[in-house]
Amino acid sequence: MKKFITIIVCKLLRFVGKILGKGSSMPGKVALKICPDILNRINLPPYIIAVTGSNGKTSTVEMIAHVLTANGKKVAWNKEGSNQIEGVTTLVLDSCTLGGRVKADILLIESDERFARYTFNYITPTHYVITNLYRDQLTRNGHPEWVYDALLDSIHDETQLILNADDPYVSCFGYGKKEVVWFGVGELSTDTTEFSGVYHDGAYCPHCKQPMSYSCYHYDHIGFYQCEHCGLKRNDTAYTVTAADLEAGRAVINGQYEITLALKSLYNIYNILAAFTVASLTGIPGEKITPCLNNYVLKNGRVVTFALGSRRGTLLTSKHENSISYNQSLRIAAADWEGCDVLIIVDAISRKYFTGDVSWLWDIDFQLLHQENVRRILLAGTYCHDLAVRFSFTDIPGEKIQVLDTVEAAVAALDNDRKEKIYVITCFSDKGKFLSRVKMD
Amino acid sequence: MKLLHLYHDIMNLYGEYGNMRILTRMLEKNKIDYELDCLSVGDAVQVADYDFIYAGSGTERNQKYVLPHLQTLKEELSQYIEAGKILLMTGNSFELLGSSITDAQGKNWQGLGLFPFTVKEQNRTRTTADAVFTMEGMEHPLVGFINKCGTIEGIDLPLFQVKMGLGNEGRGGVEGIRFKNFFGTHLTGPLLIKNPYFLDYLTTILCKNNALDHSWMEEEKAAYEVTLGKLGERLAQS
């Protein structure tokens, strides 16, 4: 009876909440108050796929849902990205019958990495993807090792781990385990043998703390690493990007499945690869997965194209407090050989909580914009002076840089007839302030 | 002038290298010659050779990893501090100079014992907060951020008064440790960039010159005012 009431209440709140445009975590929160172990009492489908990690969760989950649905599977998933236990509870209860059975073949859960241990205390995933572990929102998360320890508590022995082999932190979850499915990117022409970046989180082995070496880097601490002391190394992968050409916008998985990229970044390739791996493990053949991922444009609004007067631009949502996310966006702008202007906005650091901490700006490799083809750089928002100081420690000539207090002033400064494409790099908290002043496609 | 950034590659929670970048810029702008060494675990360190030593914040595991190496420098560091030379340790690096650190598993790690304080860590809740601190002898408060998982007891000579954020033993109170020119604080990241007046304070001691040129610090000071203003608004609301 308690179960029945909890489900009814959650569904009602969800229904009303949708009409009022409220988020998806509140109904689950109420449900957990009424019945704290409600998730234990639900009849779950045979496939429970969980995805966590610092970056790429939302995009990966969206692509998995897309591929599975296109192949006739019924998928229940947290589309809005409410990824703590409350949001997952809303998802599960909203997707189930009044008798408590989830009406789907597959339950697909994006989970916040710090809170996964609470969610998966009640739900045991059959498959668990961990994408990467980066310095991310340190104001809440502490640091990657703190998150690692929290995630370790969320892993059940019977769960099939699906791990990014190229990230040494993630690979520690599979250290000494036999049954792991590894995915990763093979050697690429864009790899470097020397580390490039501001800080090197792979300098010391995350497992034994002895100095670690790399034969090549894809980006930051992602690549082919090995620790001579404890034997931690990049594992051989079952699902592999065997070739990739970012300029041409294509990637090949396992030597035979060629995918055209809507977003030409290595980041996107990892998300596609993770989605491909999961879809394969649910029994969908590669030739049926490939067309679904071909040219797939994410609907989560992370990449938005727009017009400003006669000018064209792309906004790349990049997470504040996440240097690797920023670096990826900077690389996309820097690779535009036709020439571009770049606007970076740091106005509110987070949309979810207050902080005035900008230490993370110092971890971002802004030097990546030191390129002939990057013509002008505009630094805008409340924290524009912090950005200006940070840029003064790059080799980028000062005359290329303009510092503006407000987003409004930045839009005005870009509203001219220059031919260069505009790249806007900013976060969820600030992107609306820009997009409300331009014409989105 | 000889400067040392100790454990630069492992006690680097985020952006700590920025402290040495701004310090050396200050020296360059004032035409003061310097040499900067970046050393880490396994390197031979001649502590007495330096005029300024800095170590930053690290993960709990990295902090324990550097401890045995730092132990080998105990006597030299003690003499260095007694001699009144500048030692700046931020984040959990300064905890290593206390008598002990008890980790979340209950294991006791012997510190260098140069000061009698003790540290107790836990692993359930990360304690983080924006910070506004004041210091005797400095007109401008410091701004910054604290990111830790422990509490410290037994510090008689704190560095700061907490106006906002976390102190040694919890919310509010006093923070850090000061003895002669040893400055220990849990402020993380590039605090010398965020606090141009504190940079000025330290370099004044370092160069024994209270007329250093800081006219070049316009953006740094503007950034500081913005952060102080934002934190002040926040403080007024609470």
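Residues numbered from 1 in each chain as written. Chains lettered and ligands numbered in written order. Predicted model: local features only at pLDDT ≥ 70, side-chain atom pairs only at ≥ 80, totals over all residues.

Enquirer: Explain the overall build of chain A to me, using residue names and the numbers behind them.
Expert: A count of helical and extended segments in chain A gives 14 helices and 18 strands. Its C-alpha radius of gyration of 22 Å places chain A within 12% of the 22 Å reference for a compact globule of 441 residues. Overall, chain A is about 70 × 55 × 40 Å in size when its C-alpha atoms are taken along their principal axes. The buried share among the 441 residues of chain A stands at 50%. Nonlocal contacts in chain A, meaning residues at least 24 apart in sequence, comprise 73% of its contacts between residues at least 6 apart. (Helix = DSSP H or I, 4+ residues; strand = E, 2+ residues; numbered from the N terminus. Rg over C-alpha atoms; globule rule 2.2 N^0.38 Å. Buried ≥ 20, exposed ≤ 12 C-beta atoms within 10 Å, placed from the backbone. Contact = placed C-beta atoms within 7 Å.)

Enquirer: I'd like a rundown of the interface of chain B and chain A, residues and numbers included.
Expert: When the parts come together, some accessible area is lost, and that loss is often what is quoted as the size of the interface. Counting residues at the interface gives 31 residues for chain B and 30 residues for chain A. Of all the elements in the fold, those that place two or more residues in the side of chain B that touches chain A are helix H1 (17-29), helix H2 (60-71), strand S8 (127-134), strand S9 (142-148) and helix H6 (218-237) of chain B. Counting residues per element, the side of chain B that touches chain A draws most heavily on H6 of chain B, which supplies nine residues. The class makeup of the residues in the side of chain B that touches chain A is twelve nonpolar, ten polar and nine charged. (Nonpolar A, V, L, I, M, F, W, Y, C, P; charged D, E, K, R; others polar.)

Enquirer: Kindly report on the domain arrangement of chain A, identifying the contributing residues and their values.
Expert: Residues and elements named next belong to chain A. In terms of domain boundaries, chain A breaks down into domain 1 (45-293) and domain 2 (303-440). Just the C-alpha atoms count here: the centres of domain 1 and domain 2 sit 28 Å apart. Domain 1 puts 16 residues into the contact, and the matching count from domain 2 is 19 residues. Of the residues that constitute the side of domain 1 that touches domain 2, the class distribution is eight nonpolar, five polar and three charged. (Domains from an automatic or database assignment.)

Enquirer: I'd love a proper account of H1 of chain B, names of residues and values included.
Expert: All names here are of chain B. Over its 13 residues, H1 extends 19 Å from the first C-alpha to the last, a length consistent with the 18 Å expected when each residue adds 1.5 Å. All of the buried residues along H1 are Tyr17, Gly18, Asn19, Met20, Ile22, Leu23, Met26 and Leu27. Buried residues belonging to H1 abut strand S1 (2-6), strand S2 (35-39), strand S3 (52-55), helix H4 (191-194) and helix H5 (196-207). Just downstream of H1, Lys31 is the residue with a positive phi angle, here 55°. (Expected span 1.5 Å × (residues − 1).)

Enquirer: Please provide a residue-by-residue account of helix H12 (residues 384-391) of chain A, values included.
Expert: Judged by how many residues are buried, H12 of chain A sits mostly within the fold: seven of eight residues are covered. Of all the residues in H12 of chain A, the buried ones are Cys384, His385, Asp386, Leu387, Val389, Arg390 and Phe391 of chain A. In this structure, the buried residues of H12 of chain A make contact with strand S14 (340-345), strand S15 (374-380) and strand S16 (401-404) of chain A together with H4 and H6 of chain B.

Enquirer: Please set out the confidence of the model for chain B residue by residue, giving values where relevant.
Expert: This prediction gives chain B a mean pLDDT of 96; 100% of its residues lie at or above 70. Among the scores for the predicted complex, ipTM is 0.97 and pTM is 0.94. (pLDDT = per-residue confidence, 0-100.)

Enquirer: Give me the lowdown on the packing of H12 of chain A against H6 of chain B, citing residues and values where you can.
Expert: The contact between H12 of chain A and H6 of chain B brings their axes to 8 Å, and the two run at 145°. Classified by chirality, the crossing of H6 of chain B by H12 of chain A is left-handed. Contact with H12 of chain A, carried on its side by His385, Asp386, Ala388 and Val389 of chain A, involves Glu219, Glu220, Ala222, Ala223 and Val226 of chain B of H6 of chain B and no other residues of that element. For the contact of H12 of chain A with H6 of chain B, the per-class residue count stands at five nonpolar, one polar and three charged. (Axes fitted to C-alpha atoms, helices over the stretch in contact; angles between N-to-C directions. Left-handed = near helix turned anticlockwise from the far one by under 90°.)

Enquirer: So what's going on with the pairing of strand S7 (residues 213-219) of chain A? Residues and values would help.
Expert: Residues and elements named next belong to chain A. Alignment of S7 against strand S8 (residues 222-226), held across five bridges, turns out to be antiparallel. Across the sheet, the residue bridging to Cys216 is Phe224, located in S8. Here S7 hands over to S8 after two residues, with Asp220 in that stretch at a positive phi of 40°. (Pairing = 2+ DSSP bridges.)

Enquirer: Please set out the sheet that holds strand S11 (residues 160-164) of chain B residue by residue, giving values where relevant.
Expert: All names here are of chain B. An order of S9-S8-S11-S12 is seen for the four strands of this open sheet, with the pairing classed as antiparallel. Taken across any chain shown, the strands that pair with only one partner, and hence form the sheet edges, are S9 and strand S12 (174-175). Each of S8, S9 and S11 touches H6; the most contacted strand, S9, lies at about 70° to it.

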